[in-house]
Amino acid sequence: MNTWFWRFVVVGNLAAALLWWHWCWPHQPWLAVAGVGLLACAAGMQLGLQMLLMRHVLRSRRLPRPSAGVVLRAWLAEWKLSLQIFGWRIPFRQNAVPDYFPADASGQVGVVLVHGYFCSRAVWAPWLQRLQKQGIACAAMTLEPAHGHPVDAMVADLHRSVLQMVDRTGQPPLLVAHSMGGLVVRAWLKTLSARQRAQYLAHVVTVATPHGGTWLGRFAHSLPARDMREASAWLQALGPLPADVGMSCWCSSSDNIVFPPPLAVMTGAAQHQVEDAAHMQLLFDQRVWQHCLQLRAQLQGRVQRLVSD
């Protein structure tokens, strides 16, 4: 569904720009240029508004704010990424990079990637490519149904992907989840017994996940976004992190979607905060990538030590 939505947005915007240009150019060229320019900059203006709201909320809650220069660079980087992700990858390249299971996958700690709200597995294409180059088993699913359904409705897709990874490798995988994907993971954990958690999960890394909701959620009126309102009843029902689950939470002071930053971390989880990355930008931050790679290597080392003993 998300794929078709973004296809409609991209094609619709292109059609609107062409029609406007064709109608205005013969009589008022300046108006033709202005209209097309406005359409081209619409995404950037929306992101800019989110950045301003983020700074306002941090100031009102007396939390540290990133400098204007840091926010400006994050805004420009997020704008560029948004055009790539929502204008190309999600609408037209959802399955361009397939899941990867090498011939020697048995005994590996694989990586399962979980996308966020209004996205698809396409956002993970750079991660899948990099993991494949290193010979690491990896998989990403598209969570369906999405818009109009609760977060709990996406648990089945995640569970199937995890089971496939465990079947191919014989080991519980590392889960890396962006934004709403981290909430899908937590909803999935609630369905598992302690024994199943040990079988299906080695560690969870959440990136810009609204564990406590997000200030922007107050404007949401449909599911699953409504579940992500700050301190929503659904979020409170998720409960604390199980003591037997290892989790690392990454957040950013420049996140234009999940703010303020304390809402993106959980008690009992390792916390990593940066100040210079916007919401999608944090997903591709080199610091996050290196953390996940090192964590996966540690988990793999633990497996090898158990086998040798």
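Predicted model, so just to flag it, every value in this text is computed and none were measured.

Draft legend 1. Seen up close, the overall build of the chain. A count of helical and extended segments in the chain gives 10 helices and 6 strands. Its C-alpha radius of gyration of 20 Å places the chain within 12% of the 19 Å reference for a compact globule of 309 residues. Per-residue burial over the chain gives 52% buried out of 309 residues. Here the chain displays about 14600 Å² of accessible surface, and carbon together with sulfur accounts for 61% of that area. Looking at the chain, you have 26 positive and 15 negative side-chain charges, and the mean spots of the two groups are 5 Å apart.

Draft legend 2. Region of interest: the pattern of salt bridges. If you walk through the whole model with that rule in mind, you get 7 salt bridges. Linking Arg121 and Asp99 is a salt bridge whose minimum nitrogen-to-oxygen distance equals 2.7 Å. Remark: Asp99 occurs in the loop between helix H3 (68-92) and strand E1 (111-114) and Arg121 occurs in the loop between E1 and helix H4 (125-133); sequence separation between them is 22 residues. Residue classification places Arg121 among the buried residues on the basis of a relative accessible area of 7%. Notably, a salt bridge pairs Arg287 with Asp276, separated by 2.7 Å at the nearest N-O pair. Of this pair, Arg287 sits in helix H10 (residues 286-308) while Asp276 sits in the loop between strand E6 (270-274) and helix H9 (279-283), and the two are 11 residues apart along the sequence. The network of salt bridges with common partners includes Arg61, Arg218 and Glu230.

Draft legend 3. Summary view of helix H2 (residues 29-60). With 32 residues, H2 extends 44 Å between its outermost C-alpha atoms, agreeing within 8% with the 46 Å of an ideal straight helix rising 1.5 Å per residue. The sharpest bend along H2 comes to roughly 50°, located at Cys41. Considered for burial, the residues of H2 that qualify are Ala32, Gly35, Gly44, Leu47, Gly48, Gln50, Met51, Met54, Arg55, Val57 and Leu58. The positive-phi residue at the C-terminal boundary of H2 is Arg62, with phi of around 55°.

Draft legend 4. Up close: the packing of helix H5 (residues 155-169) against helix H6 (residues 180-190). The contact between H5 and H6 brings their axes to 9 Å, and the two run at 80°. By the angle between their directions, the pair H5 and H6 is classed as roughly perpendicular. Of the residues in H6, those touching H5 at Val155, Leu158, His159 and Val162 are Val184, Val185, Ala187 and Trp188. In terms of residue class, the contact of H5 with H6 is built from 7 nonpolar, 1 polar and no charged.

Draft legend 5. Geometry of H10. Compared with an ideal rise of 1.5 Å per residue, which puts 23 residues at 33 Å, H10 spans 33 Å between its outermost C-alpha atoms and is within 8% of the ideal. Along H10, the residues that are buried comprise Val288, Trp289, His291, Cys292, Leu293, Leu295, Arg296, Leu299, Gln300, Gly301 and Val303.

Draft legend 6. Structural context of the pairing of strand E3 (residues 174-178). With 5 of 5 residues buried, E3 is to be regarded as a mostly interior element. Of the two faces of E3, the one carrying Leu174, Val176 and His178 and the one carrying Leu175 and Ala177 are both buried. In terms of strand pairing, E1 meets E3 through 4 bridges, oriented parallel. From the neighbouring strand, Val112 faces E3, where its bridge partner is Leu175. Sheet topology places E3 next to strand E4 (residues 203-207); 5 bridges connect them, and they run parallel. Residue Ala177 lies in a different strand from E4, and its bridge partner there is Thr206.

What counts and what doesn't
For every chain, the first residue of the written sequence is number 1, and numbering continues from 1 along that sequence. For this predicted model, a pLDDT threshold of at least 70 governs which residues receive local features, and a threshold of 80 or more governs which side-chain atom pairs are given and counted, while totals over whole chains, interfaces and linings are taken from all residues. Side-chain metrics rest on all non-hydrogen atoms present in the structure, leaving aside hydrogens and water. Numbering of helices and strands runs from the N terminus, with a helix taken as a DSSP run of H or I at least four residues long and a strand as a DSSP run of E at least two residues long. The size measure is the radius of gyration over C-alpha atoms, and the globule rule it meets is 2.2 Å times the number of residues to the 0.38 power. A 1.4 Å probe rolled over the protein chains alone gives each residue an accessible area, and that area as a share of the maximum for its type sets the label: buried under 20%, exposed over 50%, partly exposed in between. Only the protein chains shown count as covering a residue, and every accessible area follows the Shrake-Rupley method with a 1.4 Å probe. Residues counted as positive are Lys and Arg, residues counted as negative are Asp and Glu, and His and the chain ends are not counted. Charged groups are reduced to one reference atom each: NZ for lysine, CZ for arginine, CG for aspartic acid, CD for glutamic acid. Salt-bridge detection follows one rule: a side-chain nitrogen of Lys or Arg within 4 Å of a carboxyl oxygen of Asp or Glu. One less than the number of residues in a helix, times 1.5 Å, gives the span that helix is expected to have. Bending is quantified residue by residue as the angle between axes fitted to the seven-residue window ending at that residue and the seven-residue window starting at it. Orientation is described by axes fitted as lines to C-alpha atoms, over the contacting stretch for helices, and by angles from 0 to 180 degrees between their N-to-C directions. Oblique is the label for any angle not under 35 degrees, not over 145, and not in the 65 to 115 range, which are roughly parallel, roughly antiparallel and roughly perpendicular in turn. Any pair of residues with heavy atoms lying within 4.5 Å of one another is described as a contacting pair. Under the scheme applied here, ten amino acids are nonpolar (Ala, Val, Leu, Ile, Met, Phe, Trp, Tyr, Cys and Pro), four are charged (Asp, Glu, Lys and Arg), and all others, including Gly, are polar. Here, strands pair whenever DSSP counts at least two bridges between them.

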